[in-house]
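Here are the chains, one letter per residue:
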Amino acid sequence: MPELPEVEVTRLSFADRITGATVTGARLGKPLRWALGCEPSALVGRRVLGVRRRGKYLLLDMDQGLLLLHLGMSGSLNFAATHPDPGPHDHFDLTSTQGVLRLHDPRRFGAVVYADSADAPTAIKLLGGLGMEPLDDGFDLKLFHAGLRSRSAAIKQVLLAGDVVVGVGNIYASEALFLAGIRPTARARRISLKRATRLHAAVRDVLARAVTKGGSTLRDFSNAEGQQGYFQLEAMVYDRQGQPCKVCGTSISAIRQGQRSTYFCANCQKG
Ligand SMILES: [Zn+2]
């Protein structure tokens with residue numbers, strides 16, 4: 001599943017190239033998770049002002065309205081001068097004076113949704129519940145700590161929920177908690193300011209490193225087919241059950257939390 005770093009690298013892969021383009025056509029394939037919300041032909045003639053990211057949504061701002069794009073479980077976006085004829089899994093093409101943006105999505109949990117503005121109900125419905133952006137300056141430590149203090153669930157579940165901070169998916173949650181020395185099962189409301197400070201820094205660190213790593217493989221990423229977009233960190237704990245901890249040598253543990261696998265070092269993550 002594309003996580004925040006993959007989505008950010010996707011944004012970087014085409015934002016500059018599509019900015020300033022005028023839309024010349026739009027084509028829909030099979031239905032995606034949500035309907036587009038306008039006639040594809042209504043997009044023709046609009047100018048692309050830029051591409052932002054909010055959580056795992058890409059916001060393609062136009063001189064009138066915006067498109068919200070989500071990659072779902074298996075989606076990928078590819079911007080190129082031209083594309084071959086659409087295949088069975090190519091469900092959206094946005095043709096412009098500067099190239100064609102194509103959504104390839106075999107499982108069709110992705111979406112392209114039109115909204116008149118970022119304040120329109122359609123946009124609010126999708127973006128309104130999202131927590132702070134971990135890579136922005138607005139990722140405030142005190143608000144982060146206050147968000148954790150207000151939740152009784154396990155810290156890993158609170159990270160995954162995305163309403164305190166967005167984009168910390170399963171891999172990055174396990175890795176960040178390891179770096180911060182916090183047991184994934186610890187109650188969020190019992191995390192001290194000192195530990196929240198370490199976790200705040202760890203979340204930024206793992207996500208920023210993944211974006212950097214993805215950026216360095218950008219060319220492969222944008223040209224890839226199938227399982228494109230996966231670039232994993234040199235994991236300290238994720239998917240390393242039974243292997244020695246890279247810090248202390250203790251065998252890495254794996255548990256299930258909310259039907260997702262969680263990995264941790266019982267020695268390095270005591271509390
Ligand atoms: Zn360890």
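Remember, predicted model here, so these are calculated numbers, not experimental data.

## Some remarks on the overall build of the protein
A count of helices and strands for the protein gives seven helices and ten strands. Principal-axis analysis of the C-alpha atoms places the extent of the protein at approximately 60 × 35 × 30 Å. Relative to its full complement of 271 residues, the protein shows a buried share of 50%. When contacts within the protein are restricted to residue pairs at least 6 apart in sequence, those whose partners lie at least 24 apart make up 66%. Summed over all atoms, the accessible surface of the protein reaches about 12,400 Å², with 50% contributed by carbon and sulfur. Taking the 35 positively charged and 24 negatively charged side chains of the protein as two groups, their mean positions are separated by 11 Å.

## Some words on the coordination of the zinc ion
Six octahedral donors around a metal ideally make angles of 90 or 180 degrees; four tetrahedral donors ideally make 109.5 degrees. The protein atoms donating to the zinc ion are Cys245 (SG), Cys248 (SG), Cys265 (SG) and Cys268 (SG), with metal-donor distances spanning 2.2 to 2.4 Å. Around the zinc ion sit four donor atoms, and with donor-metal-donor angles ranging over 98 to 113° the site reads as tetrahedral.

## Side note on helix 3 (residues 141-149)
Since the α-helix packs 3.6 residues into each turn, any two residues three or four apart lie on the same face. Those residues of helix 3 lying buried are Phe144, His145, Gly147 and Leu148. Viewed along the axis of helix 3, the buried residues span an arc of 160°, placing them on a single side of the element. Opposite its buried face, helix 3 presents the exposed residues Lys142 and Leu143, each directed more than 90 degrees away. Where helix 3 begins, the side chain of Asp140 points an oxygen toward the backbone nitrogen of Lys142, at a separation of 3.0 Å.

## Some words on the pairing of strand 3 (residues 57-62)
Of all six residues that make up strand 3, six are buried, and the element is covered over most of its length. The pairing of strand 2 (residues 48-54) with strand 3 spans six bridges and is antiparallel. Within strand 3, the residue paired with Gly50 across the bridge is Asp61. As paired elements, strand 3 and strand 4 (residues 66-70) share five bridges and run antiparallel to each other.

## Focus on the sheet that holds strand 1 (residues 23-28)
Pairing within the open sheet is antiparallel, and its four strands lie in the order 1-6-7-5. With partners counted over all chains shown, the strands left at the sheet margins are strand 1 and strand 5 (76-80), one partner each. The sheet shows a mean angle of 15° between the axes of neighbouring strands, taken without regard to direction. The pairing of strand 1 with strand 6 (residues 90-96) spans five bridges and is antiparallel. Paired with Ala26 across the strands is Leu94, a residue of strand 6. Sitting on the sheet, helix 1 (residues 4-18) touches strand 5 and strand 7 (99-104), and the angle it makes with strand 5 is about 30°.

## Things to note about the pattern of salt bridges
In total, this model carries ten salt bridges according to the counting rule given. Between Asp90 and Arg102 there is a salt bridge, with the nearest N and O atoms lying 3.4 Å from each other. Remark: Arg102 occurs in strand 7 and Asp90 occurs in strand 6; sequence separation between them is twelve residues. Among the residues examined, Arg102 registers a relative accessible area of 7% and is labelled buried.

## Examining the packing of aromatic side chains
The geometry of an aromatic ring pair comes down to the distance between the two centres and the angle between the two planes. This model, assessed by the stated rule, comprises three aromatic pairs. On the numbers, 5.3 Å between centres and 70° between planes, the contact of Phe139 with Phe144 is edge-to-face. Neither Phe139 nor Phe144 differs from the other in exposure class; each is buried.

## Side note on the pairing of strand 9 (residues 253-257)
Judged from the five bridges that link them, strand 9 and strand 10 (residues 260-264) form a sheet pairing that is antiparallel. Considered in strand 10, the bridge of Arg256 is made with Ser261. The loop that links strand 9 with its antiparallel partner strand 10 comprises two residues; one of these, Gly258, has a positive phi angle of about 55°.

## Some remarks on the nonpolar core
Nonpolar side chains in soluble globular proteins tend to be buried together. Membership of the largest hydrophobic core comes to 35 residues, with the highest contact counts inside it found for Phe144, Leu148, Ile155, Leu159, Val168, Ile182 and Leu199. At the level of secondary structure, the elements contributing two or more residues to this core comprise helix 3, helix 4 (155-161), helix 5 (170-180) and helix 6 (193-216). Not counting residues within four places of it along the chain, the set of residues in contact with Ile155 comprises Leu148, Leu177, Ile182, Arg183, Pro184, Ala186, Arg187, Ala188, Ile191 and Leu199. Residues Leu43, Leu58, Leu67 and Phe92 belong to the second largest nonpolar core, which totals 25 residues.

Each value, and the rule that gives it
Residues numbered from 1 in each chain as written. Predicted model: local features only at pLDDT ≥ 70, side-chain atom pairs only at ≥ 80, totals over all residues. Heavy atoms only, no water. Helix = DSSP H or I, 4+ residues; strand = E, 2+ residues; numbered from the N terminus. Buried < 20%, exposed > 50% of the residue type's maximum accessible area, 1.4 Å probe, protein only. Contact = heavy atoms within 4.5 Å. Areas by Shrake-Rupley, 256 points an atom, 1.4 Å probe, with all protein chains shown as cover. Lys, Arg positive; Asp, Glu negative; His and termini not counted. Charge placed at Lys NZ, Arg CZ, Asp CG, Glu CD. Donors = N, O, S within 2.8 Å, 3.2 Å for Na, K, Ca; no water. Tetrahedral: all angles 85-135°; square planar, octahedral: opposite > 155°, others 65-115°. Arc of directions from axis to C-beta. Polar contact = N/O pair within 3.5 Å; in protein donor to acceptor, adjacent residues only side chain to side chain. Pairing = 2+ DSSP bridges. Axes fitted to C-alpha atoms, helices over the stretch in contact; angles between N-to-C directions. Salt bridge = Lys/Arg side-chain N within 4 Å of Asp/Glu carboxyl O. Phe/Tyr/Trp six-rings, centres within 6.5 Å; stacked < 30°, edge-to-face > 60°. Core = buried A, V, L, I, M, F, W, Y, C linked by side-chain atoms within 4.5 Å.

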